[in-house]
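Results of the structural survey
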Amino acid sequence: MIHVMRIVMQPARRSEKDVEQHYQDTIVRPVVFDDHADILDASTIDQLKQLFPDGQAQMWGVVPGKKNVNVSRIKKMRPGDWVFFSGDKRVYFGGTIALMWRNKDLATRLWGTDQAGSTWEYMYALSGTRGFDIPIAEIRTLLDWKPKRHVMGISVLGEEESDTLQTLLTLDTGVAALEPVDAAEEEAAVAAFDGALERTAQRAQRGEQAALKRRLLQEGQGQCALCGRALPGSFLIAAHIKKRAICSDDEKRDLANVAMLACTLGCDAVYEHGYVSVAIDGAIQVSPLVTEIPEVEAYVQDKLVGRTVTWWTPSREPYYAWHRTHTFKDVPPA
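What you are looking at is a predicted structure, and each value in this text was computed from that prediction instead of being measured.

Conventions used here
Starting afresh in each chain, residues are numbered from 1 along the sequence in its written order. Only residues with pLDDT of at least 70 are given local features in this predicted model, and only at 80 or more are side-chain atom pairs given and counted; all residues enter the totals for whole chains, interfaces and linings. Here the side-chain values reflect all heavy atoms present in the structure, with hydrogen atoms and water set aside. We count a stretch as a helix when DSSP gives it H or I for four or more residues in a row; a strand needs E for two or more, and each element gets its number in order from the N terminus. Each residue's exposure class comes from its accessible area (1.4 Å probe, protein chains only) as a fraction of the maximum for that residue type: buried when under 20%, exposed when over 50%, partly exposed otherwise. Residues count as neighbours in contact if any of their non-hydrogen atoms are within 4.5 Å of one another. Only the protein chains shown count as cover for residues, and all accessible areas are computed by the Shrake-Rupley method using a 1.4 Å probe. Two strands qualify as a pair provided that DSSP identifies no fewer than 2 bridges between them. Axes, fitted as lines to C-alpha atoms, cover a helix only where it is in contact. Angles between the N-to-C directions of the axes lie from 0 to 180 degrees. In summary, the pairing rule links any two rings of Phe, Tyr or Trp, Trp by its six-membered ring, whose centres are within 6.5 Å, and it sorts them by plane angle into stacked for under 30 degrees, edge-to-face for over 60 and tilted for everything else. Placement of a charge over a ring requires the Lys NZ or Arg CZ to be within 6 Å of the ring centre, with the centre-to-atom vector within 35 degrees of the ring normal. The directions considered for the arc are those from the helix axis to the C-beta atoms.

Broken down by element type, the protein carries twelve helices and 13 strands. Counting the 334 residues in the protein, one finds 45% classified as buried. Nonlocal contacts in the protein, meaning residues at least 24 apart in sequence, comprise 73% of its contacts between residues at least 6 apart. When the accessible area of the protein is evaluated, it comes to approximately 17,300 Å², of which 52% is carbon and sulfur surface.

Turning our eyes to something else, we now look at the sheet that holds strand S1 (residues 7-11). Read across the sheet, seven strands follow the order S2-S3-S6-S5-S4-S1-S7 without closing on themselves; strand pairing throughout is mixed. In the strand order of this sheet, the two ends are held by strand S2 (31-32) and strand S7 (155-156), each with one partner. Running at roughly 130° to strand S5 (residues 90-102), helix H2 (residues 42-51) makes contact with strand S3 (56-62), S5 and strand S6 (122-135) of the sheet.

Once that is clear, we can look at the packing of aromatic side chains. The description of two aromatic rings rests on the distance between their centres and on the angle between their planes. The full count for this structure, using the stated rule, is ten aromatic pairs. Here the aromatic rings of Tyr 23 and Tyr 92 are separated by 6.0 Å at their centres, their planes lie at 65°, and the arrangement is edge-to-face. Taken together, the positions of Tyr 23 in helix H1 (residues 17-28) and Tyr 92 in strand S5 put the pair 69 residues apart, joining distant regions of the chain. Both residues of the pair, Tyr 23 and Tyr 92, belong to the buried class. Geometrically, the ring pair formed by Tyr 23 and Phe 93 is edge-to-face, given 5.7 Å between the ring centres and 85° between the ring planes. Taken together, the residues span a long stretch of sequence, with Tyr 23 in helix H1 and Phe 93 in strand S5 at a distance of 70 residues. The exposure class of Tyr 23 is buried, given its relative accessible area of 0%. Every member of this aromatic cluster is reached through a ring pair, and the members are Tyr 23, Trp 60, Phe 85, Tyr 92, Phe 93 and Trp 111. When the ring centre of Trp 145 is taken as origin, the NZ or CZ atom of Arg 149, which lies over that ring, is 3.8 Å away. A cation sits over an aromatic face here: Lys 329 above Tyr 275, 4.7 Å from the ring centre.

Its identity as a non-glycine residue notwithstanding, Asn 68 has a phi of 55°, on the positive side. Mapped onto the secondary structure, Asn 68 falls in the loop between S3 and helix H3 (71-74). Given a relative accessible area of 47%, Asn 68 falls into the partly exposed group. Even without glycine at this site, Asp 88 takes up a positive phi of about 55°. Relative to the helices and strands, Asp 88 resides in the loop between strand S4 (82-87) and S5.

It is worth spelling out helix H5 (residues 136-143) at this point. The complete set of buried residues in H5 reads Ile 136, Ile 139, Arg 140 and Leu 143. Taken around the axis of H5, the buried residues stretch over an arc of 100°, which confines them to a single face. Contacts from the buried residues of H5 go to S1, S5, S6 and helix H6 (159-168). Two residues or fewer past H5, Asp 144 is found with a positive phi of approximately 60°.

This brings us to the pairing of strand S11 (residues 259-263). Taking burial as the measure, the five residues of S11 include five buried ones, the bulk of the element. Both faces of S11 are covered, namely the face carrying Ala 259, Leu 261 and Cys 263 and the face carrying Met 260 and Ala 262. Pairing of strand S10 (residues 236-240) with S11, which is carried by five bridges, proceeds in the antiparallel orientation. Within S11, the residue paired with His 240 across the bridge is Ala 259.

Here it is in structure tokens:
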């Protein structure tokens, strides 16, 4: 069965003493599997060790809730889904569900019980985690939620809302115990798709990209804002500093500031996927998570480390600031 990545909204207010303690105990300090071999069944340990060869992982859990209200929501979650932790009016942490299991004894050992005597027995391990600093008000706007809607309990967003957040926030998934893809089923799904493959909006966006690029190039040549290499225009794109789909109409029209030239030889990709960003003074900021992909790390070390982006200006800083808090792969908050 083909799995579509969903977004799971996990409320976890760190201003609450118990939540903060749980976060420190099993997110800041990952859980060592062998420390709990006496109450983890062998198959779960085997799967965890395959997914996390270093023998430890960040973990979280969900209580069943009154009259098992959370169970139906939990059943919608799958390995490969992305979890956003939210609290105190912000989304601050996220990662991919690598594995899910139920273990009341382990949950009690790690987190104790709540006032009702329940524990967070529906457990999951996270991979590819990173920090964010996104106001929940911005999530409401992106998903067209009501102005006062809050994430009150764990919830799994629908496919459309999940796709919107995944695309706009560049959520690269980490390792997960996914079911193998059925190639025949996948091909059948593509063949059955009867939607428009080219849309007017996409054509308009390509036209906007071309206009931006012409503005930035000089006689068909240009300089990559990130690596500084002078290249023919065919190797450069007009990359939006802030994700275009999130820009307001006024920002999209701010042609002098909203975009920069980025080369297709590597810089556009590492910026788009958040492995580098631009600090407030123009210095290239490198993600601590770049070491997870040696080939990307080698490119960044060779072409970008130590560079200062001359394209940075105070008027462009708001766009770079958005990239740092939304796309840049920062370490999870301690």
